[in-house]
Amino acid sequence: MTSRFADEQADALRRRAGTEGRSVRQVVLSAVDEYLARRSGDEEVDRLAIEVARRWRPLLDRLAG
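Anyway, here's the lowdown on the structure attached to this text.

Describing the pattern of salt bridges
Now for step 1: Per the stated rule, a full pass over the model turns up seven salt bridges.
Now for step 2: Of the charged contacts in the structure, one is a salt bridge between Arg 16 and Glu 20, with a shortest N-O distance of 4.0 Å. You can see Arg 16 and its partner Glu 20 sitting in helix α1 (residues 7-20), four residues apart, about one turn around the helix.
Now for step 3: Judged by relative accessible area, Arg 16 falls into the partly exposed class, the value being 47%.
Now for step 4: Residue Glu 20 pairs with Arg 22 through a salt bridge whose shortest N-O separation is 2.7 Å.

In structure tokens:
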């Protein structure tokens, strides 16, 4: 897979990688891993919210009425 960045982004990535003593590739892979981990957490929260709403729907309907 190839990614293209704006010049400003590429420069910032190179600076960040240099500051951290890592390659640009390592910085990008780390960012992708963090993004995917965060998104999978969102999916779990969504799943739990749906489960709770289904379980408590009758009570919520009574309270709303």
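Focus on α1
Now for step 1: With 14 residues, α1 should reach 20 Å at 1.5 Å per residue; the first-to-last C-alpha distance of 20 Å fits that figure.
Now for step 2: Among the residues of α1, Ala 10, Leu 13 and Ala 17 are the ones counted as buried. All buried residues of α1 lie within an arc of 60° about the axis, which places them on one face of the element. Residues of α1 that are exposed and angled more than 90 degrees away from the buried face: Asp 7, Glu 8, Arg 15, Gly 18 and Thr 19.
Now for step 3: Tucked inside the fold, the buried residues of α1 contact α2 (24-64).
Now for step 4: Positive backbone phi, approximately 70°, marks Gly 21, located one or two places after α1.

Analysis parameters
- Residues numbered from 1 in each chain as written.
- Predicted model: local features only at pLDDT ≥ 70, side-chain atom pairs only at ≥ 80, totals over all residues.
- Heavy atoms only, no water.
- Salt bridge = Lys/Arg side-chain N within 4 Å of Asp/Glu carboxyl O.
- Helix = DSSP H or I, 4+ residues; strand = E, 2+ residues; numbered from the N terminus.
- Buried < 20%, exposed > 50% of the residue type's maximum accessible area, 1.4 Å probe, protein only.
- Expected span 1.5 Å × (residues − 1).
- Arc of directions from axis to C-beta.
- Contact = heavy atoms within 4.5 Å.

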